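Residue-level listing of the chains:
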Amino acid sequence: MKKGSFVFFLSLILFASFTTPSFASGVEAADIPSAEQQIKDFEKLEEGLKSGKIKIHSDKKAGDSLSVSAANQAVPQGTTGTYPTRKGTILVTDGLRVDSLVGHAGIVLGSGKTIESFPEGGVQYKYDNWTDRYKKVWGITTYGTTASEDAAAADWAVEQKGDPYNWNFFDIENTAKFYCSQLVYKAVKTKTGVNLNWLGGIVTPADLVNDEDSYVIYTFTK
């Protein structure tokens, strides 16, 4: 091989190593749930909500000291709930895509303030309502946790502010870098013990809303 050709070939290898997301050892990129499957997971939720099979529940009160059970009072069918402002509630949308990951997730810190992770800037604060950003939004929380435990999960996520984005989507237990739904998953699991990884492997935004340990408190469609 001529020297010039070798240098060109080597440059292509180096370029690929820096531009292709990494994956856990022994796991191929093809093992990530396809975009189509992740979209179907969101559609499954929407179909359940429209049919009434999946109920929209009232949220926990900020002063709750008891765990919320599956018997929590559902709001009347057709009601969309109230946009979440309680610290520790979770927001999910299908309106964003990063590489093979469909959707986005973040944790509410208060009215108009969230903690989220993006490829640009990693873990960061955002100061707006998701209804201004996305066409479809779900607000969720978890069974078996108190409002104070949810707030502790939010505080844990805040402690990760400034950490970089995690492109290894299978590395869900990493505590030095995070992708959006991994940040939510890890914060909730660390502080409450609740595991929102619905299908195992990569934790997607659709996992969070479909997991049996979460329930919907708000929906929005533009």
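Reading guide: rules and limits
Residues numbered from 1 in each chain as written. Predicted model: local features only at pLDDT ≥ 70, side-chain atom pairs only at ≥ 80, totals over all residues. Heavy atoms only, no water. Helix = DSSP H or I, 4+ residues; strand = E, 2+ residues; numbered from the N terminus. Contact = heavy atoms within 4.5 Å. 1 Å grid on protein atoms, 1.4 Å probe; cavity = no way out; pocket = protein on both sides within 12 Å on 5 of 7 lines; lining within 4 Å. Points joined across faces, edges and corners; volume = space filled by probe spheres on them. Nonpolar A, V, L, I, M, F, W, Y, C, P; charged D, E, K, R; others polar. Phe/Tyr/Trp six-rings, centres within 6.5 Å; stacked < 30°, edge-to-face > 60°. Buried < 20%, exposed > 50% of the residue type's maximum accessible area, 1.4 Å probe, protein only. pLDDT = per-residue confidence, 0-100. Pairing = 2+ DSSP bridges. Lys, Arg positive; Asp, Glu negative; His and termini not counted. Salt bridge = Lys/Arg side-chain N within 4 Å of Asp/Glu carboxyl O. Polar contact = N/O pair within 3.5 Å; in protein donor to acceptor, adjacent residues only side chain to side chain. Core = buried A, V, L, I, M, F, W, Y, C linked by side-chain atoms within 4.5 Å.

Relative to the helices and strands, Lys44 resides in helix 2 (residues 35–51). In this structure, the C-alpha to C-alpha distance between Lys44 and Asn210, residues 166 residues apart in sequence, is 8.5 Å. Dropping the residues within four chain positions of it, Lys44 is found in contact with Ile54, Trp198 and Asn210.

The computed volume of the largest pocket comes to approximately 340 Å³. In terms of lining, the largest pocket is formed by 17 residues, of which the most central are Leu45, Lys53, Ile54, Val209 and Asn210. Sorting the residues of the lining of the largest pocket by element identifies helix 2, helix 6 (205–210) and strand 6 (214–221) as the ones contributing at least two each. The biggest single contributor to the lining of the largest pocket is helix 2, with four residues. Class assignment for the residues of the lining of the largest pocket results in seven nonpolar, four polar and six charged.

What follows concerns the packing of aromatic side chains. Inspection of the entire model under this criterion finds ten aromatic pairs. Where Tyr125 meets Tyr127, the ring centres are 6.1 Å apart and the plane angle is 65°; that geometry is what we call edge-to-face. For Tyr127, a relative accessible area of 57% translates into the label exposed. Here Trp156 and Phe178 contribute two aromatic rings whose centre-to-centre distance is 5.8 Å and whose plane-to-plane angle is 90°, an arrangement assigned as edge-to-face. You can see Trp156 sitting in helix 4 (residues 147–159) and its partner Phe178 sitting in the loop between helix 4 and helix 5 (180–192), a full 22 residues away along the chain.

The predicted model of the protein has a mean per-residue pLDDT of 85, with 78% of residues at 70 or higher. Across residues 2–30, where pLDDT falls below 50, the model places 14 contacts with residues more than four positions away in sequence or in other chains. This stretch, residues 65–71, has a pLDDT under 50; its non-local contacts, to residues over four places away or in other chains, come to 13 contacts.

Here the focus is the pairing of strand 3 (residues 113–118). Most of strand 3 is tucked away, with five of its six residues classed as buried. In sequence, strand 2 (residues 101–110) turns back onto strand 3 through a hairpin of two residues, with Gly112 there showing a positive phi of about 70°. Bridge analysis of strand 3 against strand 4 (residues 122–126) gives five bridges, and the strand direction is antiparallel. Paired with Glu116 across the two strands is Gln124, which belongs to strand 4. A loop of three residues connects strand 3 with strand 4, the two strands running antiparallel in sequence, and Gly121 in this loop sits at a positive phi of about 100°.

Following the sequence through the fold, Asp211 ends up in the loop between helix 6 and strand 6. No salt bridge is formed by the buried Asp211, whose closest oppositely charged neighbour, Lys44, lies at an N-O distance of 11 Å. One polar contact links the side chain of Asp211 to the main-chain amide nitrogen of Asp213, over a distance of 2.8 Å. The residues touching Asp211, leaving out its near neighbours within four places in the chain, are Asn195, Leu196, Asn197 and Trp198.

Our focus in this paragraph is the nonpolar core. For soluble globular proteins, the rule of thumb is that nonpolar side chains tend to be buried together. Grouped together as the largest cluster of nonpolar side chains are 42 residues, with contacts concentrated most on Val92, Tyr179 and Leu208. Counting residues per element, the ones that place at least two in this core are helix 2, strand 1 (90–98), strand 2, strand 5 (136–142), helix 4, helix 5 and helix 6. Top contributing element to this core by residue count: helix 5, with six residues. Beyond its immediate stretch of four places on either side in the chain, Val92 contacts Phe42, His104, Ala105, Trp130, Lys136, Val137, Trp138, Ile140, Pro205, Leu208 and Val209. Core analysis: the second largest hydrophobic core is formed by eleven residues, Tyr83, Trp130, Ile217 and Tyr218 among them.

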